[in-house]
Structures are given as C-alpha cells and as structure tokens.
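Overview (structure and organization)
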Amino acid sequence: MSDAPVAAAAAQPVPDSINDREFILVSSSGSAVSTATPTRFRYHQDGQMVWGEYYGDTVALGRFIGRRDGDVVSIRFAHRLAASEEIVLGMASSTIRWNADGKLELYEEFEKNGEAHVSICVEADRRGAWPELDPAQRSTPQLDGTTFILEESTASTVSAEPTQFEFDENSGIVWGFYFGDTVTAGRCVGRYRDGVLDEFFVHHVIASDATLLGDSSTTLGSRPDGRLELIEEFVLDGVPGKSVCVQVA
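These numbers come from a predicted model, not from an experiment.

Counting its regular elements, the protein contains 1 helix and 16 strands. In terms of C-alpha radius of gyration, the protein reaches 19 Å, essentially the compact-globule figure of 18 Å for 249 residues. Its C-alpha atoms put the protein at 70 × 40 × 35 Å along the principal axes. Out of the 249 residues belonging to the protein, those deemed buried represent 45%.

Pairing in this closed barrel of 8 strands is antiparallel, and the strands run E9-E10-E11-E12-E13-E14-E15-E16 around the ring. Taken pair by pair, the neighbouring strands of this sheet meet at an average axis angle of 30°, ignoring direction. Alignment of strand E13 (residues 196-205) against strand E14 (residues 210-222), held across 10 bridges, turns out to be antiparallel. The residue of E14 that forms the bridge with Val 202 is Leu 213.

Before going further, it helps to examine the packing of aromatic side chains. Per the stated rule, a full pass over the model turns up 9 aromatic pairs. Centroid distance Tyr 55 to Trp 130: 4.9 Å. Interplanar angle 65°. Geometry classified as edge-to-face. Of this pair, Tyr 55 sits in strand E3 (residues 49-56) while Trp 130 is found in the loop between strand E8 (115-124) and strand E9 (147-153), placing the two residues 75 residues apart along the sequence. Counting every residue linked through ring pairs, the aromatic cluster contains Phe 23, Phe 41, Tyr 43, Tyr 54 and Phe 64. The ring of Trp 175 carries the charged tip of Arg 63 above its face, separated from the ring centre by 4.2 Å. Lying across the ring of Trp 51, Arg 187 places its NZ or CZ 4.1 Å from the centre.

What follows covers empty space enclosed by the protein. Taken as a whole, this structure holds 1 cavity of 30 Å³ or more when the rule is applied. Of the voids in this model, the largest cavity is the one considered here, and its volume is about 30 Å³. Phe 41, Tyr 43, Ser 94, Leu 106, Glu 108 and Cys 121 together form the lining of the largest cavity.

This part takes up the pattern of salt bridges. Under the counting rule described, the total for this entry stands at 14 salt bridges. Note that Asp 144 and Arg 138 form a salt bridge whose closest N and O atoms lie 3.8 Å from each other. Look at Arg 138 and you get partly exposed, because its relative accessible area is 35%. Connected through shared salt-bridge partners, Asp 20, Glu 22, Arg 40, Arg 42 and Arg 126 make up one network.

Further remarks concern the nonpolar core. Ranked by internal contacts, the top residues of the largest apolar core, which has 20 residues, are Phe 148, Phe 165 and Phe 167. Apart from the residues lying within four places of it in its own chain, the contact partners of Phe 167 are Leu 143, Asp 144, Gly 145, Thr 146, Phe 148, Val 174, Trp 175, Gly 176, Cys 188, Leu 197, Glu 199 and Leu 230. If you look at the next biggest cluster of nonpolar residues, it comprises 17 residues, including Val 14, Tyr 54, Val 73 and Ile 96.

The omega torsion of the bond from Thr 140 to Pro 141 falls at 0°, within 30 degrees of zero and hence cis. Looking at the secondary structure, you find Pro 141 in the loop between E8 and E9. Despite not being glycine, Asp 20 has its phi angle at roughly 65°, a positive value. With respect to the helices and strands, the residue Asp 20 is situated in the loop between helix H1 (4-11) and strand E1 (22-28). Given a relative accessible area of 36%, Asp 20 falls into the partly exposed group. For Ser 171, which is not a glycine, the phi torsion comes out positive at approximately 60°. Positionally, Ser 171 belongs in the loop between strand E10 (164-170) and strand E11 (173-180). Under the relative-accessibility criterion, Ser 171 is labelled buried at 13%.

The rules behind these values
- Residues numbered from 1 in each chain as written.
- Predicted model: local features only at pLDDT ≥ 70, side-chain atom pairs only at ≥ 80, totals over all residues.
- Heavy atoms only, no water.
- Helix = DSSP H or I, 4+ residues; strand = E, 2+ residues; numbered from the N terminus.
- Rg over C-alpha atoms; globule rule 2.2 N^0.38 Å.
- Buried < 20%, exposed > 50% of the residue type's maximum accessible area, 1.4 Å probe, protein only.
- Pairing = 2+ DSSP bridges.
- Axes fitted to C-alpha atoms, helices over the stretch in contact; angles between N-to-C directions.
- Phe/Tyr/Trp six-rings, centres within 6.5 Å; stacked < 30°, edge-to-face > 60°.
- Lys NZ or Arg CZ within 6 Å of the ring centre and 35° of its normal.
- 1 Å grid on protein atoms, 1.4 Å probe; cavity = no way out; pocket = protein on both sides within 12 Å on 5 of 7 lines; lining within 4 Å.
- Points joined across faces, edges and corners; volume = space filled by probe spheres on them.
- Salt bridge = Lys/Arg side-chain N within 4 Å of Asp/Glu carboxyl O.
- Core = buried A, V, L, I, M, F, W, Y, C linked by side-chain atoms within 4.5 Å.
- Contact = heavy atoms within 4.5 Å.

See below:
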C-alpha cells in the first residue's frame, strides 16, 4: 500500500471534536496490555469540556473528566481495579495526533507510583453495548440518582436558580453533571468512601466564557429532616473555596 494516503492523513489537523469516539489501549509503560480485552475509552466533548467512561483489562469501571486545549486534553480520572476493590485516582495529559498508520491516537503521559509513564490509545470502531452497572454495588447512603442544589458558596453569590447537581455512583466511583446559576454545564468524577467524596471537576463559566478544572474534598452529612448535605472544600483555578449543597427531596 502506498505511503501517500498515510502521509496525507498525518498532515491534516486533528478533529476539532472527539465526541462519541472510542479508543483502545495498545501500549503502556506502566503495565502489560491485554490484546484480547484491552481497556476501551469512550469520549464525549462539548466545547473544551471532555468527559467519558472506560473499562476492560485491569479496569472494572472507570470515569474521567477533562479540558481540551488545542490538541492536548488534561484528564482527571477515577477507576476501580478488576482484581480488587481499590479505587485509583489520577491525572494525565493526552495529545491527540495521527499515527504512522493514518489512525487517530491519544499519546498519554501520566505518573504512576512516582514514576513518569507513557501510554498510547488508538481509535477503534464504536462498541454497541457497554457492560451494565450492578445495582448491588451502590453506596450506602445511596448517592446514585440523587440531586443536590447549591445553598451557599465562597466562590459566588447563590441566585434564586442555584446550581443543580445530578449524581451517579457505582462500585465506589461517583460521577455527575451540574448546571445553573454561574455555570452553563459541568462534569465531575471521584471516589466515595467512609463518608468522604474526593472529586475532580470541570465546568464552563458563563461570565468569563472560560472552562475551568478543579478538585475538591466533600464530607457527606445528614440534616435533621433526613436530607443529605455536602460540605465541600475545593480549589478552582488555583483559588480555594467552600460550599454547601443540600439534597432535593
């Protein structure tokens, strides 16, 4: 086969959006990669905001969020290992590029156990059905399917139409969507254990038209009327803050 089509593809700019594209892990300096059941990633993108899910090989369940800046995606992730109940939190930087075969790939740099590593994922055909979540793996108290509204925050004044948070949870992994007030849309992912939710988040700010990344540590409590509340300490764009959210009955 002529090298001309490959060279032509590599010379083209990468797509502005990787929404609904799927990639499989083909190599990693951090661990052996299964060729039979490689880890598979499904990406979603809205503007600079990126999020998605992954599973396979050593990963039983994974979720991620991130921000795209040009051809680089800054990723924050949480996944449960297939071999144990351990939840892994981390971050990585992926460059979107064409490989020598003319296929779209993600060249990812990450850190594991204090050492720098590289992995490569290549675009694959979309998979029709993904594994269903096991309802028996939900937390107690149940966060899956819960809705919260922002009650107070040091980052901004809370309006009459406060930010609303919709959470999903399974196997100790929490992810969600939020919107309203100062935020057009946001995504979060994290780990829930022992009453504490450690999260990464990304959202688009209405006033500045900026897409910001942050992280937080949230304590889950209960009010006298039985509703759950979230007391959150966060860092957004390098600035620390605190907020309180209450469950919608």
